[in-house]
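For reference, the chains in residue letters:
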Amino acid sequence: VSPTRKGAKWEITRLNMILRDFPRLCGRKLAVLSTDDFVSWRNERSASVSAASVRREANLLSAVLSVARTEWKWIGINPMSDLKKPPKAAHRDRRITEDEQERLLMALGHSDGTPQTHTQQIGVAFLLALETAMRAGEIYGLQWQHVNLPERYVTLPDTKNGTKRNVPLSRRAVALLEQMRGIHSQRVFTVSGDSASVLFAKARRRTQIADLRFHDTRHEALTRLAKKLHVLDLARMVGHKDPRSLMIYYNATATEIAQQLD
């Protein structure tokens, strides 16, 4: 089943890890698996990884058992249905300051010209993320055939929620994409997502900025865009079918909100 899903790479990696590290659990017959087996697994796993990792792995295992029950009829009940998972961690509310932005861009060697290195491409991607709230995978996967600069939008044919999305571009975003012209005939960015993660982490360490991830650009961008767009337009732009889910990423400070009051 996993190869047919969007997260195939990581699902298969996690499943292979569980097969390797938990032979006592994986060696049991499906028919005799009980909630107690997974309680033992959860407690053992919780001693070495974060609660978020345990939740992700538990969700994956539960999905495996759900398919075995509903589609293959191998078991009558899902033994994980009564398992208590670790509580969800609080949503991140990390904002990116102007000073941090400038320091990161300096570490990435960003300039207003055409990027000459992969590291410089990441500088453009970082700024594009702040303008559009696109995810890293969406940015590094951009193809020129899906970029319409005259009409100021890009098309994402395959997004996280499985639907096509058109992302409107600010004038700054258009200028950033213009910088990428001539590097490759098909791909906008030639750096891969995995390489970009490594290079971004190296640049961040050089700046000594603590606790900052590329994905935090989504928080920052959504908070900035919320001041310019109606909530329904913002939800359509960033691909949220339920506008209430925007609250996960909207992290305006009390001071910023106060400045909008009469």
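Residues numbered from 1 in each chain as written. Predicted model: local features only at pLDDT ≥ 70, side-chain atom pairs only at ≥ 80, totals over all residues. Heavy atoms only, no water.

### A word on unusual backbone geometry
Note on backbone geometry: most residues besides glycine have negative phi, and most peptide bonds are trans. A positive phi angle, close to 65°, is found at Ala 133, a residue other than glycine. If you trace the backbone, Ala 133 turns up in the loop between helix H6 (118-132) and helix H7 (136-140). Judged by relative accessible area, Ala 133 falls into the buried class, the value being 0%. Of note in the backbone geometry, Arg 152 takes a positive phi value of approximately 60° without being a glycine. A relative accessible area of 31% means that Arg 152 is categorised as partly exposed. (Helix = DSSP H or I, 4+ residues; strand = E, 2+ residues; numbered from the N terminus. Buried < 20%, exposed > 50% of the residue type's maximum accessible area, 1.4 Å probe, protein only.)

### Some words on the packing of aromatic side chains
Using the criterion set out here, one finds 7 aromatic pairs in the structure. Ring centres of Phe 126 and Phe 214 lie 6.4 Å apart, and the angle between their planes is 70°; on these two criteria the pair is classed as edge-to-face. Separated by 88 residues along the polypeptide, Phe 126 in helix H6 and Phe 214 in the loop between helix H9 (193-207) and helix H10 (216-225) bring together distant segments of the chain. Each member of the pair, Phe 126 as well as Phe 214, is classed as buried. Plain terms: the ring middles of Tyr 140 and Phe 214 are 6.2 Å apart, the flat faces sit at 40° to each other, and that makes the pair tilted. Pair noted here: Tyr 140 is in helix H7 and Phe 214 is in the loop between H9 and H10, with a separation of 74 residues, a long-range link. There is no split in this pair, since Tyr 140 and Phe 214 are both buried. One Lys or Arg, Arg 181, reaches over the ring of Trp 144 and ends 4.3 Å from the middle of that ring. (Phe/Tyr/Trp six-rings, centres within 6.5 Å; stacked < 30°, edge-to-face > 60°. Lys NZ or Arg CZ within 6 Å of the ring centre and 35° of its normal.)

### Digging into the sheet that holds strand S1 (residues 147-148)
What the 3 strands build is an open sheet, ordered S1-S2-S3; its pairing is antiparallel. Strands at the two margins of the open sheet, each flanked by one partner only, are S1 and strand S3 (165-168). As defined by bridge partners, strand S2 (residues 153-156) adjoins S3 across 4 bridges and the pair is classed as antiparallel. Bridging across to S3, Leu 156 finds its partner in Arg 165. (Pairing = 2+ DSSP bridges.)

### Looking at the layout of surface pockets
In this structure, the largest pocket encloses a volume near 2300 Å³. Lining the largest pocket are 42 residues, with Arg 56, Arg 135, Lys 160, His 215 and Tyr 249 sitting closest to its centre. Element by element, the count of residues in the lining of the largest pocket is highest for H9, at 7 residues. Of the volumes computed, that of the second largest pocket is approximately 520 Å³. Listed by contribution, the elements that provide at least two residues to the lining of the second largest pocket are helix H1 (8-21), helix H2 (23-26) and helix H4 (51-70). For the lining of the second largest pocket, the leading source of residues is H4, giving 7 residues. (1 Å grid on protein atoms, 1.4 Å probe; cavity = no way out; pocket = protein on both sides within 12 Å on 5 of 7 lines; lining within 4 Å. Points joined across faces, edges and corners; volume = space filled by probe spheres on them.)

### Some remarks on the side chain of Arg 42
Counting through the fold element by element, Arg 42 comes out in helix H3 (residues 35-46). Although Arg 42 lies buried, it forms no salt bridge, and the closest oppositely charged side chain, Asp 36, sits 8.8 Å away as judged by the N-O distance. Here Arg 42 is in contact with Val 54, Leu 83, Lys 84 and Pro 86, once residues within four sequence places are set aside. (Lys, Arg positive; Asp, Glu negative; His and termini not counted. Salt bridge = Lys/Arg side-chain N within 4 Å of Asp/Glu carboxyl O. Contact = heavy atoms within 4.5 Å.)

### A closer look at the side chain of Asp 37
Its place among the elements puts Asp 37 in helix H3. Judged by its relative accessible area of 17%, Asp 37 is buried. A polar side-chain atom of Asp 37 sits 3.3 Å from a polar atom in the side chain of Arg 28. Sequence-distant contacts of Asp 37, that is, excluding residues within four places in its chain, are made with Leu 25, Arg 28 and Val 32. (Polar contact = N/O pair within 3.5 Å; in protein donor to acceptor, adjacent residues only side chain to side chain.)

### Describing the confidence of the model for the chain
Chain-level statistics for the chain give a pLDDT mean of 91 and a share of 99% at 70 or above. Considering each helix and strand of the chain separately, the mean pLDDT is smallest for helix H12 (residues 254-258), with a value of 72, and largest for H6, with 97. (pLDDT = per-residue confidence, 0-100.)

### Describing H4
If you check H4, its first and last C-alpha atoms are 28 Å apart, about what 20 residues at 1.5 Å a residue would give, namely 28 Å. Those residues of H4 lying buried are Ser 53, Val 54, Arg 55, Glu 57, Ala 58, Leu 60, Leu 61, Ser 62, Leu 65, Val 67 and Ala 68. In this structure, the buried side of H4 is in contact with H1 and H3. (Expected span 1.5 Å × (residues − 1).)

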